[in-house]
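A closer look at the structure
In case you want the letters, here they are:
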Amino acid sequence: MPTEKLDRIVAEARLNREKREQDYRERALKIYPWVCGRCTREFTRANLQQLTVHHRDHNHDNNPVDGSNWELLCVYCHDNEHSRHLEAAAGGSSSPGGSPADLAGGPATHNPFANLKSLLKRDN
Ligand SMILES: [Zn+2]
Ligand SMILES: [Zn+2]
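So, a few notes on the structure that sits alongside this text. (Residues numbered from 1 in each chain as written. Chains lettered and ligands numbered in written order. Predicted model: local features only at pLDDT ≥ 70, side-chain atom pairs only at ≥ 80, totals over all residues. Heavy atoms only, no water.)

Notes on the coordination of the zinc ion (ligand 1)
Of the protein atoms, only Cys36 (SG), Cys39 (SG), Cys74 (SG) and Cys77 (SG) coordinate the zinc ion (ligand 1), at distances of 2.3 to 2.4 Å. Bound by four donor atoms, the zinc ion (ligand 1) shows angles of 101 to 117° at the metal and therefore tetrahedral coordination geometry. The sequence pattern formed by the donor residues of the zinc ion (ligand 1) is C-x2-C-x34-C-x2-C. Here the residue Cys36 occupies a position in the loop between α1 (3-31) and β1 (51-55), and Cys77 occupies one in helix α2 (residues 75-88), the gap between them amounting to 41 residues. (Donors = N, O, S within 2.8 Å, 3.2 Å for Na, K, Ca; no water. Tetrahedral: all angles 85-135°; square planar, octahedral: opposite > 155°, others 65-115°. Helix = DSSP H or I, 4+ residues; strand = E, 2+ residues; numbered from the N terminus.)

So, in structure tokens, the structure goes:
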């Protein structure tokens, strides 16, 4: 099994995620004022790229139309929020290239790509 296939799967997962993020980000920015929910910093079109959408339950697939699972956070507060969450999750293993929860849309302990990699190794 060629590794390009794995690369493609990972790339597609990333692309899908980016598309999805753009979609709910636009919706969240229409619903909520452009203010960070933690440090209350205000944003304008000039620096709006630093305002990100956080999922309160950390499930990126949970995007209710009323926006109840979203919170607008600046990139710094968003980082803090996620490192707190990772520390809280018992034995959260570190993985290169981002959190497996982001890729899989599931709990951090489940990483389908890690399994795929070990399967590939066994073939060699
Ligand atoms: Zn902030
Ligand atoms: Zn978040």
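Side note on the environment of Arg41
Along the chain, Arg41 falls in the loop between α1 and β1. When the C-alpha atoms of Arg41 and Leu73 are compared, they prove to be 9.0 Å apart, with 32 residues separating the residues in sequence. Beyond its immediate stretch of four places on either side in the chain, Arg41 contacts Trp34, Val35, Cys36, Asn47, Gln50, Cys74 and Tyr76. Polar side-chain contacts of Arg41 include one of 3.0 Å to the side chain of Gln50. (Contact = heavy atoms within 4.5 Å. Polar contact = N/O pair within 3.5 Å; in protein donor to acceptor, adjacent residues only side chain to side chain.)

Structural notes on the coordination of the zinc ion (ligand 2)
Six octahedrally arranged donors around a metal ideally form angles of 90 or 180 degrees; four tetrahedrally arranged donors ideally form angles of 109.5 degrees. Taken together, His54 (ND1), His78 (NE2) and His82 (NE2) make up the full set of protein donors to the zinc ion (ligand 2), lying 1.9 to 2.1 Å away. If you list the donors of the zinc ion (ligand 2) from N- to C-terminus, the spacing comes out as H-x23-H-x3-H. Of this pair, His54 sits in strand β1 while His82 is found in helix α2, placing the two residues 28 residues apart along the sequence. Since its relative accessible area comes to 1%, His54 is described here as buried. (Buried < 20%, exposed > 50% of the residue type's maximum accessible area, 1.4 Å probe, protein only.)

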